[in-house]
Amino acid sequence: MAWATWLPLPSWLHRLIMDWPCHLRRAVVRLAVMAVMALPMTPAAQARPEVFAAIGMSPQRSELPFLPDFSGLAWIEGNLFVAVHDTKPPQGIDQPRVSLLTLSTSQRGLQAQFPRINWPDPHAPSNAFESIARIPGTRQMLLVESGDEAGRSRRIFLADLDRRKLMLTDFVHWPVPIASVEGSAVARIGDRLIFLYAENARGESSTLIRWAPLNLQPLGLGRFEELRFVSPGPSSSHGRSVTALEVDREGHVFAAAALDPGRDHGPFVSMVWRIGRLALDDNGRPNLVLLAVPQLLATLDGVKVESLAIRQLSEGDPQLFIGTHDENFAGMMRLIPLSSPSTLGD
């Protein structure tokens, strides 16, 4: 039973309770929960009310019995990442929207915390965070709603991670019409911040990648430019041309695409490419130049990649992580090579 994973009882007592009738087991669980809730706050918690009063966050869930799938992923520092989840109300009203992920240095696996976010009144909780874009060189990030045909889910939130506290500091509505944005990223080109995004263009062989200047104080986006990206993946009515975007510190742009048959058990297929570079043109304007032939980095059978994150430590080469959104199979996070499969080992 689910309660057996968190109710702190000795194993022999668990076995004894499992032999009791169902209604009696439920009564024991209720009494245990009531007893825990009646315990007084510790002096440390009483002395630090500001931890729970910070704008934009409330007490964290330290863990869940499962790891949600990943709709977006951003590296912050060291082994710390932030992920977003495409939770939708009302079914997911109590499900996490954001998680703080720590890579394990042992076989314990990925460690996750789930901050509860206080949404600014009168704005409802997020509806379908499908991507996250870190502001390069900072602990700030954009949490991006994907949009829908009903006109909801069209906000971009600016968040700041102060140690392990996630605070919402600003938001804007999308300034352009959108339908289903699954990829977004922020690049620093010279002294400018540039925001990129792409629609997933389900069933289409191509999509538009659009970019615009990004301002943080106050949060806002400038005039968009665009370029059509033809997905080199298999053409299919189940194809999604772009499911994730990422940009490294040199301006190289990475994209993921996926085949999703519309069934929550799959089977899924994903591909990851390096598709081009964002740089200043001869007139000093940010410009995206696509590769004539995108560089295939990975083909992943059985998973649906919806997140890309570059980790650049002070030493060593950059690393590319994927996060998957595998529906009924939840999600996973993995490191993939930044070289084409044919060049590995060279």
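This one's a predicted model, so the numbers in the text were calculated from it and none came from an experiment.

**Focus on the pattern of salt bridges**
Pairing is possible between side chains that carry opposite charge, provided their charged atoms lie close to one another.
Argument step 1. Inspection of the entire model under this criterion finds eleven salt bridges.
Argument step 2. The closest approach of N and O atoms between Glu226 and Arg210, which form a salt bridge, is 3.1 Å. Pair noted here: Glu226 is in strand 14 (residues 225–230) and Arg210 is in strand 12 (residues 206–216), with a separation of 16 residues, a long-range link.
Argument step 3. Accessibility expressed as a relative area gives 41% for Glu226, which makes it partly exposed.
Argument step 4. A salt bridge links Glu306 to Lys304, with the shortest nitrogen-to-oxygen separation between them at 3.8 Å.

**Some thoughts on the pairing of strand 4 (residues 98–102)**
Argument step 1. For strand 4, the buried fraction is high: four of the five residues fall into the buried class.
Argument step 2. As paired elements, strand 4 and strand 5 (residues 111–116) share three bridges and run antiparallel to each other. Residue pairing for strand 5: Leu101 is matched across the bridge by Ala112.

**Points about the sheet that holds strand 8 (residues 155–162)**
Argument step 1. One open sheet holds the four strands; their spatial order is 6-7-8-9, and the pairing between them is antiparallel. Edge positions in the open sheet fall to strand 6 (129–134) and strand 9 (165–173), since each of these has one partner strand only. For this sheet the average axis-to-axis angle between neighbouring strands, irrespective of direction, equals 25°.
Argument step 2. The pairing of strand 6 with strand 7 (residues 140–145) spans five bridges and is classified as antiparallel.

**Examining the packing of aromatic side chains**
Argument step 1. Under the criterion given, the structure shown has seven aromatic pairs.
Argument step 2. Here Phe129 and Phe157 contribute two aromatic rings whose centre-to-centre distance is 6.0 Å and whose plane-to-plane angle is 80°, an arrangement assigned as edge-to-face. You can see Phe129 sitting in strand 6 and its partner Phe157 sitting in strand 8, a full 28 residues away along the chain.

**Observations regarding the side chain of Arg240**
Argument step 1. Tracing the backbone through its elements, the reader meets Arg240 in strand 15 (residues 239–247).
Argument step 2. Here Arg240 falls in the buried class, since its relative accessible area comes to 13%.
Argument step 3. A polar contact of 3.3 Å, which involves the side chain of Arg240, links it to the side chain of Glu306.
Argument step 4. Residue contacts for Arg240: discarding those within four places in its chain leaves Glu182, Asn200, Arg202, Ala257, Ala258, Asp260, Lys304 and Glu306.

Reading the values: the criteria
- Residues numbered from 1 in each chain as written.
- Predicted model: local features only at pLDDT ≥ 70, side-chain atom pairs only at ≥ 80, totals over all residues.
- Heavy atoms only, no water.
- Salt bridge = Lys/Arg side-chain N within 4 Å of Asp/Glu carboxyl O.
- Helix = DSSP H or I, 4+ residues; strand = E, 2+ residues; numbered from the N terminus.
- Buried < 20%, exposed > 50% of the residue type's maximum accessible area, 1.4 Å probe, protein only.
- Pairing = 2+ DSSP bridges.
- Axes fitted to C-alpha atoms, helices over the stretch in contact; angles between N-to-C directions.
- Phe/Tyr/Trp six-rings, centres within 6.5 Å; stacked < 30°, edge-to-face > 60°.
- Polar contact = N/O pair within 3.5 Å; in protein donor to acceptor, adjacent residues only side chain to side chain.
- Contact = heavy atoms within 4.5 Å.

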